[in-house]
Amino acid sequence: MKVELELSKFQIHFISNQMELFETGLAQMNFVMQPREKKLVLSICSDISDKFHNKSRAIRKETKIKKKPYKMSLKWYEAYALNVMLFSATLNATNKEDVSIGNNLQMIIGQKL
């Protein structure tokens, strides 16, 4: 089952940045010692990070300003893992804008799940 998301360029850049922070944290943690549920989310998020990094790079290269939302297609379990990762990122965020964007993305993804 596919989950179709319509995201703004700011939301895609936010997810890409959070995935980058996530990957640096993943490199520092001991994967073997994590609980099974966390391993599942970690491995799925590491797989989908390439999708968001590539989309973010493509948006930065665009010369025209596009006001329409960008469409992203994720499998159900990828959207679920992204939602869990965004929840964790929102809890750890110190910037009010990051919290607001994270909560908005969780709401968008939660409605599609």
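Quick caveat: nothing in here was measured; it's all calculated off a predicted structure.

Student: Talk me through the confidence of the model for the protein; I want residue IDs and the actual numbers.
Tutor: Confidence in the prediction for the protein averages 84 pLDDT; 97% of positions are at 70 or higher. Confidence, expressed as mean pLDDT per element, reaches its minimum in the protein at helix 1 (residues 9–28) with 82 and its maximum at strand 1 (residues 2–7) with 91.

Student: Explain the pattern of salt bridges to me, using residue names and the numbers behind them.
Tutor: Under the defined criterion, the tally for this structure stands at one salt bridge. Notably, a salt bridge pairs Glu78 with Lys51, separated by 3.1 Å at the nearest N-O pair. Of the two residues, Glu78 sits in helix 3 (residues 76–92) while Lys51 sits in helix 2 (residues 36–61), which places them 27 residues apart along the sequence. Classification of Glu78 by relative accessible area gives buried; the value is 8%.

Student: Describe the packing of helix 3 against helix 4 (residues 96–112), listing the residues and the values that go with them.
Tutor: The interhelical angle for the contact between helix 3 and helix 4, taken along N-to-C directions, is 155°, at an axis separation of 9 Å. When the axis of helix 3 is compared with that of helix 4, the two are roughly antiparallel. When you trace helix 3 past helix 4, the crossing you get is left-handed. Contacts from Ala79, Leu82, Asn83, Leu86, Phe87 and Thr90 of helix 3 reach helix 4 at Val99, Gly102, Asn103, Leu105, Gln106, Ile109 and Gly110. Across the contact of helix 3 with helix 4, the residue classes break down as seven nonpolar, six polar and no charged.

Student: Could you give an account of the nonpolar core, naming the residues involved and the relevant values?
Tutor: Counting residues in hydrophobic clusters, the biggest one holds 26 residues, and the most contacted among them are Leu5, Leu7, Ile15, Phe52, Leu82 and Leu86. Every element with two or more residues in this core is listed here: strand 1, helix 1, helix 2, strand 2 (70–75), helix 3 and helix 4. In contact with Ile15, not counting residues within four places along its chain, are Leu7, Phe52, Leu82, Leu86 and Leu105.

Student: Report on the packing of helix 2 against helix 3, specifying residues and quantitative values.
Tutor: The relative placement of two packed helices is expressed as an angle between their axes plus a distance between the axes. Across the interface, helix 2 lies against helix 3 with an axial gap of 9 Å and an inter-helix angle of 100°. By the criterion of interaxial angle, the relationship of helix 2 to helix 3 is roughly perpendicular. Residue-level contacts link Val41, Ile44, Cys45, Ile48, Lys51 and Phe52 of helix 2 to Tyr77, Glu78, Ala81, Leu82, Val84 and Met85 of helix 3. Broken down by class, the residue content of the contact of helix 2 with helix 3 amounts to ten nonpolar, no polar and two charged.

Parameters and conventions
- Residues numbered from 1 in each chain as written.
- Predicted model: local features only at pLDDT ≥ 70, side-chain atom pairs only at ≥ 80, totals over all residues.
- Heavy atoms only, no water.
- pLDDT = per-residue confidence, 0-100.
- Helix = DSSP H or I, 4+ residues; strand = E, 2+ residues; numbered from the N terminus.
- Salt bridge = Lys/Arg side-chain N within 4 Å of Asp/Glu carboxyl O.
- Buried < 20%, exposed > 50% of the residue type's maximum accessible area, 1.4 Å probe, protein only.
- Axes fitted to C-alpha atoms, helices over the stretch in contact; angles between N-to-C directions.
- Parallel < 35°, antiparallel > 145°, perpendicular 65-115°, else oblique.
- Left-handed = near helix turned anticlockwise from the far one by under 90°.
- Contact = heavy atoms within 4.5 Å.
- Nonpolar A, V, L, I, M, F, W, Y, C, P; charged D, E, K, R; others polar.
- Core = buried A, V, L, I, M, F, W, Y, C linked by side-chain atoms within 4.5 Å.

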